[in-house]
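A closer look at the structure
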Amino acid sequence: MIIPARYYDGQLSGTHEVFLAHDGAGAAQAIIVQDASSREIIARWPVAAVKTIPARKGELRLRASGVADGARIVVTGPDHIARIRAGLPQLADHERQSRGEQVRLLGLATLALAAVIAAYIFGVPLLAGRIVQLVPPGWEEAIGDTVATQMEASLAAEGGLPLCDPDPQSLANTAIARFGNAAMEGSGSPFTPDIRIVRSDIPNAFALPGGRIYFHSALLNAARAPDEFAGVLAHEIGHVVHRDGMEQLISTAGTGALIGFILGDLTGLSVAAGLGAAIIDTRFSRDSERQADLYAVEVARRLDFNPAALAVLLGRVDQESAFSRALALLSTHPLTQDRKVALDALSRDRPAGLEPPFTADEWSAIRHMCGPRTSR
Amino acid sequence: MASGVQRGAITFTGHRLGLGAILLRGYLLMVPTIGLYRFWLTTWKRRYYWFNTTLDGDALEYSGEARQLLLGFLMALAVFLPLYAVFFVLSTQSRETVIIGYGAVALLIWFLYGYAAYRARDFRLSRTLWRGIRFDQTGNAWGYALRRFLWSALNLATLGLAYPFMAGNLWAYRYRHSWYGDRPFAFAGSWKNLAVPYYLCWLVGAGLIVTLLVVAAQSGLYQSIEAVGAAGWTKMILLAGGIGVLVTFYRSIEMTRMFSAIRLGAAALVVHVRFPALLGIYVFFGAALLAAYILLAVGGLVVLGAVAGGAVEGHNINIAALLVVMQSSTLALLAIISGYLLLFGAFAFVSELFLGYGYWRMLAKSARITGLEALGDIRSRPEDKALAGEGLADALNVGGY
């Protein structure tokens, strides 16, 4: 049985037109490589050492262990290949085996990556909570200042976030500051609340790392009772006490790193995974919203306001559409209707005879501190 | 020698369909493997290109393995982990620091890109065999990165006038450090090969760019986008297209002259890249991409119609009805993720199939080797095993093949 083939010896650049023959029996079986013209035997490969290399269709490439690294036998044509394969059944075994190896490696690597991602997704929020305890309050305050500067600079074109009442000694501002300190009392927080009522058409209120709280005029103007204003403010103070802003910052940085360096920035999958991470992020932040609501409930045990009113105010400005309900999974805030139900339940047995957060005069001053409802 | 094959001929025996099947299978397998299959896909892709390219009747062989790429990628993470820490710290700093810091990181990445590109080339060359002999690359990847970095800075500072010198220098560095077995390549080209066509194209290009800017100013683009009329858009698109054609024309000349300057002892590579062929690749690519996205849009509407029955009424989409269906936010999320993956996948698929494949096939078809007889006494050198994958190259996505 003689099969024509091409042979590279792996030492000298060149080709040999050869005939392949089968020799020996049992463990001593070998492929004999014979020069096509001189019939001289130029190589002898033990059958057990021969392996295939992936090649194009209609070509079979063989290498062998124990011979020169680049030495190859190349057989072309389906008939010749079929004859070689019939004579060397272990080729198929070896191919199956190495395919199995690849599948195992890929499976193992995938499992390892999935484990890292899972550990990361569940670990980062937990870790962020721990790390935030290690951040010195002074540092957090400095970061809060930077964030505020960046934010005001980015809004500079629309006039920034100007204070409604720049006089810190005004009736409204002193009342708000007093409420802030009272709400913070006993929490053990290293920060002093710095509450700023600013002019903005967007109904919003948020807390920055380090204790600064922004309350937009559009939200204040939508408030119909002091309870609503006090409730939202107490909720934001809850964020300051829990250091949620800082925690969020650390957590986001962590998940961002996951997307980038585990998956490689340029695979499409990283963005898909990023969306997954975003869901985890928002679940985490919805949890911190609930915690901040609970803080407002705690404050309402010391001052006379109904914390459930905060959900009323937020519900009023944020007309919940079918769309926001549909995207609830991606929203950072729990649905206000759910929050209202929870807050109502929690604030049922508030102690009686507490001092109201603001006097009637103070509330009137606060309501009018941003002027008449010029901006919506 | 094999009969019927012209001495020194380079042929390409692949088919777009064959590569398409590999790519399709690879993209599908990337989903359950969280993207890790890309190392196997790259390996299969290279095998396809290499094995289907024959030089003087003998096919190239790619001996790289997916696990080497995987390992290299893991090592690259070690570089990027600190970079991400830097990004985080930067994001909490003042605006000036952020701008300076991001600029510095961008420069660092631009520098690392040169290193990665050189290492990736080393990996590919040292895993390429022809007639049982390995190619290889020596030289210093850091040195190359620095060289490329400084040249590109000079090129930027001179508005592109330094380009022929940069190209000549870097091509020469790459090829003078490339080996086939125990014989080094040589590079017979220099800036002189490029200067005349480059500076002519530079002048015409500068004229086109200035005209484009003037037309944009006249049609009022700088005041508002809506102010630009149909005539203004037509002119601007024609001018931009003209710049694209000019760049392609220059590229065909550069490729022809530079590839033809590659020597291996007495053997020489002769390449003639035809401008229409190169332009055709881009035109085909654009058409295929357009077709793919139209197909995706139609498919998306059909799926939407199936999922959200009532939402699609004739040609209009009833947003309210659609939102009702999307109430189940898991479904909405799934739609977003799969939609994104499809868009991205389609782009990668079409790019590889039309740009990558087209480019390789055109080069193979337009090249041949003279003086092959001189290669018969080249001996092998041991495999360069020091390289674990392409490391940074994979992380920076360097190199198309």
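These numbers were taken from a predicted model, which means no experiment stands behind them.

Overview of the overall build of chain A
Along its length, chain A carries twelve helices and ten strands. By the burial criterion, 47% of the 376 residues in chain A qualify as buried.

As for the overall build of chain B
Scanning chain B for helices and strands turns up twelve helices and 13 strands. The buried share of chain B, taken over its 401 residues, is 47%. Taking all contacts inside chain B whose residues are at least 6 apart in sequence as the whole, residues at least 24 apart take part in 73%. Of the roughly 19600 Å² of accessible surface on chain B, 72% is carried by carbon and sulfur atoms.

So, the confidence of the model for chain B
Residues and elements named next belong to chain B. A residue-level look at chain B finds 83% of positions with pLDDT of 70 or above and a mean pLDDT of 85. Of all helices and strands in chain B, the one with the weakest mean pLDDT is strand β11 (residues 312–313) (53), whereas helix α6 (residues 163–176) scores best (96). Scoring the predicted complex yields pTM 0.77 and, for the interface, ipTM 0.81.

Some words on the sheet that holds strand β1 (residues 3–8) of chain A
Pairing between the strands of a sheet comes from backbone hydrogen bonds, and it takes one of two forms, parallel or antiparallel. All names here are of chain A. Within the open sheet, the seven strands sit side by side as β4-β3-β2-β1-β7-β6-β5. Their pairing is antiparallel. The open sheet has two edge strands, β4 (41–46) and β5 (50–53), and neither has a second partner. Strand after strand, the sheet turns through a mean of 35° between neighbouring axes, direction not considered. Of the strand pairs in this sheet, β5 and strand β6 (residues 59–64) are connected by four bridges, and their pairing is antiparallel. Pairing of Val50 across the sheet is with Ala64, part of β6.

Section: the sheet that holds strand β8 (residues 183–187) of chain B
All names here are of chain B. Spatial strand order, β4-β5-β6-β7-β8-β9-β10-β13: eight strands in an open sheet with antiparallel pairing. The sheet is open, and its two edges are formed by β4 (61–62) and β13 (367–370), each paired on a single side. Inspection of the sheet shows strand β6 (residues 133–137) paired to strand β7 (residues 178–180) by three bridges, in the antiparallel sense. Residue pairing for β7: Phe135 is matched across the bridge by Tyr180. On the sheet, helix α8 (residues 230–259) packs against β8, β9 (262–264) and β10 (267–271) and is oriented at approximately 165° with respect to β10.

Here's the deal with the packing of helix α4 (residues 171–184) of chain A against helix α6 (residues 226–242) of chain A
All names here are of chain A. Look at α4 against α6: their axes get within 10 Å of each other, and the N-to-C directions meet at 50°. On the basis of their axis angle, the class for α4 and α6 is oblique. Every pair of crossing elements has a handedness; the one defined by α4 and α6 is right-handed. For the pair α4 and α6, the contacting residues are Ile176, Phe179, Gly180, Ala183 and Met184 in the first and Phe229, Ala230, Leu233, Ala234, Ile237, Val240 and Val241 in the second. Residues of the contact of α4 with α6, tallied by class, amount to eleven nonpolar, one polar and no charged.

Digging into the packing of aromatic side chains
One pair of aromatic rings is described through two measures. These are the centre distance and the angle between the planes. Residues and elements named next belong to chain B. According to the stated counting rule, one finds 36 aromatic pairs over all chains in the structure shown. For the pair Tyr37 and Trp40, a centre-to-centre distance of 6.4 Å together with 15° between the ring planes defines the contact as stacked. Note on accessibility: Tyr37 and Trp40 belong to one class, buried. Taken together, Trp130, Phe135, Trp171, Tyr175, Tyr180, Phe185, Phe187 and Phe259 form an aromatic cluster joined through their ring pairs. A cation over a ring is seen here: Arg148 above Trp110, with NZ or CZ 4.1 Å from the ring centre.

What about the state of the cysteines?
Residues and elements named next belong to chain A. Within this structure, the stated rule accounts for one disulfide over all chains. Here Cys164 is linked by a disulfide to Cys370, with a sulfur-sulfur distance of 2.0 Å. The sign of the 100° torsion about the S-S bond sets the Cys164-Cys370 disulfide as right-handed. One end of the pair, Cys164, is in the loop between α3 (137–154) and α4; the other, Cys370, is in the segment after α12 (360–368), with 206 residues separating them in the sequence. An identical accessibility class is assigned to Cys164 and Cys370; each is buried.

A look at the pattern of salt bridges
The final tally for this structure, using the stated rule, is 27 salt bridges over all chains. In this structure, Asp58(B) engages Arg6(A) in a salt bridge whose closest nitrogen and oxygen atoms are separated by 2.6 Å. Here Arg6(A) lies in strand β1 and Asp58(B) lies in strand β3 (residues 58–59), a pairing that spans two chains. Grouping residues by exposure puts Asp58(B) and Arg6(A) together as buried. When the shortest N-O distance is used, the salt bridge between Asp56(B) and Arg7(B) registers 3.4 Å. Taken together, the positions of Asp56(B) in the loop between β2 (53–55) and β3 and Arg7(B) in the segment before β1 (10–12) put the pair 49 residues apart, joining distant regions of the chain. Assessed through its relative accessible area of 3%, Asp56(B) is described here as buried. Under the relative-accessibility criterion, Arg7(B) is labelled partly exposed at 40%. Look at the salt bridges and you will find they share partners, linking Arg6(A), Glu17(A), Arg7(B), Asp56(B), Asp58(B), Arg131(B) and Glu373(B) into a network.

Things to note about unusual backbone geometry
Glycine aside, negative phi is the norm for most residues, and most peptide bonds take the trans geometry. Here Arg243(A), not a glycine, exhibits a phi torsion of approximately 55°, which is positive. Looking at the element boundaries, Arg243(A) is found in the loop between α6 and α7 (244–263). Taking relative accessible area as the criterion, Arg243(A) reaches 10% and is therefore assigned buried. Positioned with a positive phi, Asp56(B) is a non-glycine residue whose angle comes to about 55°.

With respect to α6(B)
Along an α-helix, a turn takes 3.6 residues, which lines up residues three or four apart on a common side. Residues and elements named next belong to chain B. Between its first and last C-alpha, α6 extends 20 Å over 14 residues, near the 20 Å set by a 1.5 Å rise per residue. When you tally the buried positions in α6, you get eleven out of 14 residues, the bulk of the element. All of the buried residues in α6 are Tyr163, Pro164, Met166, Ala167, Gly168, Leu170, Trp171, Ala172, Tyr173, Arg174 and Tyr175.

Brief notes about the environment of Asp377(B)
Residue and element names in this part refer to chain B. Tracing the backbone shows Asp377 in the loop between β13 and α12 (392–395). Relative accessible area serves as the criterion here: at 48%, Asp377 is assigned to the partly exposed category. Only 2.9 Å separates the side chain of Asp377 from the side chain of Arg183, close enough to count as a polar contact.

Concerning helix α11 (residues 336–346) of chain A
Considered for burial, the residues of α11(A) that qualify are Thr336(A), Arg339(A) and Leu343(A). Seen from one end, α11(A) has its buried residues packed into an arc of 55°, which puts them on one side.

Remarks on a nonpolar patch on the surface
Residues and elements named next belong to chain B. The grouping of Leu290, Ile294, Val298 and Val302 at the surface amounts to a nonpolar patch, some 400 Å² of accessible area in total. Looking at where Val298 falls in the secondary structure, it is placed in helix α9 (residues 275–307). With relative accessibility at 48%, the residue Val298 sits in the partly exposed group.

Criteria and thresholds
Residues numbered from 1 in each chain as written. Chains lettered and ligands numbered in written order. Predicted model: local features only at pLDDT ≥ 70, side-chain atom pairs only at ≥ 80, totals over all residues. Heavy atoms only, no water. Helix = DSSP H or I, 4+ residues; strand = E, 2+ residues; numbered from the N terminus. Buried < 20%, exposed > 50% of the residue type's maximum accessible area, 1.4 Å probe, protein only. Contact = heavy atoms within 4.5 Å. Areas by Shrake-Rupley, 256 points an atom, 1.4 Å probe, with all protein chains shown as cover. pLDDT = per-residue confidence, 0-100. Pairing = 2+ DSSP bridges. Axes fitted to C-alpha atoms, helices over the stretch in contact; angles between N-to-C directions. Parallel < 35°, antiparallel > 145°, perpendicular 65-115°, else oblique. Left-handed = near helix turned anticlockwise from the far one by under 90°. Nonpolar A, V, L, I, M, F, W, Y, C, P; charged D, E, K, R; others polar. Phe/Tyr/Trp six-rings, centres within 6.5 Å; stacked < 30°, edge-to-face > 60°. Lys NZ or Arg CZ within 6 Å of the ring centre and 35° of its normal. Disulfide = S-S within 2.5 Å. Salt bridge = Lys/Arg side-chain N within 4 Å of Asp/Glu carboxyl O. Expected span 1.5 Å × (residues − 1). Polar contact = N/O pair within 3.5 Å; in protein donor to acceptor, adjacent residues only side chain to side chain. Arc of directions from axis to C-beta. Patch = residues over 30% accessible without salt bridge, like charges linked within 9 Å, V, L, I, M, F, W, Y side chains within 5 Å.

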